[in-house]
Amino acid sequence: MHEISIAGAIIDSVLDAANKNGAKKVNEVFLEIGELTALNPGQLKFIFETITKGTVADGARYDITVIKPSINCKKCSYTGPIGFFEKLHFFLPVIKCPECGDEYVEIIAGRECCVKKIKIS
Ligand SMILES: [Zn+2]
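Note that the structure is predicted; figures quoted are calculated from it, not measured. (Residues numbered from 1 in each chain as written. Predicted model: local features only at pLDDT ≥ 70, side-chain atom pairs only at ≥ 80, totals over all residues. Heavy atoms only, no water.)

A. Broad picture of the sheet that holds strand β3 (residues 70-73). Read from one edge to the other, the open sheet built from three strands follows the order β4-β3-β5, with strand pairing classed as antiparallel. Each edge of the open sheet is held by one strand with a lone partner, namely β4 (79-81) and β5 (105-109). If you compare each strand with its neighbour and ignore which way they point, the axes differ by 30° on average. With four bridges connecting them, β3 and β5 associate as antiparallel partners. Bridge pairing in β5 places C73 opposite V105. (Pairing = 2+ DSSP bridges. Helix = DSSP H or I, 4+ residues; strand = E, 2+ residues; numbered from the N terminus. Axes fitted to C-alpha atoms, helices over the stretch in contact; angles between N-to-C directions.)

B. Local environment of the packing of aromatic side chains. Within the structure shown, the criterion is met by one aromatic pair. Between F48 and Y62, the aromatic rings sit 4.7 Å apart at their centres with planes inclined by 35°, giving tilted as the arrangement. Taken together, the positions of F48 in helix α2 (residues 41-51) and Y62 in strand β2 (residues 61-67) put the pair 14 residues apart, joining distant regions of the chain. As far as the burial class goes, F48 and Y62 line up, both buried. Across the ring face of F30, the terminal group of K117 is positioned such that the distance to the ring centre comes to 4.8 Å. (Phe/Tyr/Trp six-rings, centres within 6.5 Å; stacked < 30°, edge-to-face > 60°. Buried < 20%, exposed > 50% of the residue type's maximum accessible area, 1.4 Å probe, protein only. Lys NZ or Arg CZ within 6 Å of the ring centre and 35° of its normal.)

C. Here's a closer look at the packing of helix α1 (residues 3-20) against α2. Their axes nearest at 9 Å, the elements α1 and α2 cross at an angle of 55°. Classified by the angle their axes make, α1 and α2 are oblique. Two packed elements cross with a definite hand, and for α1 against α2 that hand is right-handed. On the side of α1, the interface is formed by E3, I4, A7, G8, I10 and I11, while α2 contributes Q43, L44, I47, F48 and I51. In terms of residue class, the contact of α1 with α2 is built from eight nonpolar, two polar and one charged. (Parallel < 35°, antiparallel > 145°, perpendicular 65-115°, else oblique. Left-handed = near helix turned anticlockwise from the far one by under 90°. Contact = heavy atoms within 4.5 Å. Nonpolar A, V, L, I, M, F, W, Y, C, P; charged D, E, K, R; others polar.)

D. The arrangement of the coordination of the zinc ion in detail. Binding of the zinc ion to the protein goes through C73 (SG), C76 (SG), C97 (SG) and C100 (SG), at separations of 2.3 Å. Each of the four donor atoms around the zinc ion contributes to a set of angles spanning 106 to 113°, which defines the coordination as tetrahedral. Mapped onto the sequence, the residues coordinating the zinc ion show the spacing C-x2-C-x20-C-x2-C. (Donors = N, O, S within 2.8 Å, 3.2 Å for Na, K, Ca; no water. Tetrahedral: all angles 85-135°; square planar, octahedral: opposite > 155°, others 65-115°.)

E. Just α1, in detail. Along its 18 residues, α1 runs 25 Å from first to last C-alpha, staying within 8% of the 26 Å computed at 1.5 Å per residue. For α1, the elements touching its buried residues are β1 (26-34), α2, β2 and β6 (113-120). Among the residues trailing α1, G22 stands out with phi positive, at a value near 65°. (Expected span 1.5 Å × (residues − 1).)

F. Spatial organisation of the side chain of E28. Note on placement: E28 falls in strand β1. In this structure the side chain of E28 is engaged in a polar contact, spanning 3.2 Å, whose partner is the side chain of R61. Beyond its immediate stretch of four places on either side in the chain, E28 contacts R61, D63, K117, I118 and K119. (Polar contact = N/O pair within 3.5 Å; in protein donor to acceptor, adjacent residues only side chain to side chain.)

Listed below in structure tokens is the structure:
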């Protein structure tokens, strides 16, 4: 359940931003979550709703965009999405190039976990 600690960090930054902008209420939070983070958007929303009770973010809506993994292969220089990755270890999926099958790849998308913007009032 690494969702809980990550959700806590996300809400901290949302509340911090809301506070700095003098928000009375956080209406909506837009997030980008990379598929490789293995975070479950449904579970995240549930945790957000639970831990924001009594804060300015109580009752906020969460708009979560899941980012598909993309790689840059160092061997054959393929750049683009990967259709499949093996979750051998929960935190360390094995990623191979779909073109040449090499593992010497740079991940260019799919590990995002960030707040893009928040709507406040
Ligand atoms: Zn390749």
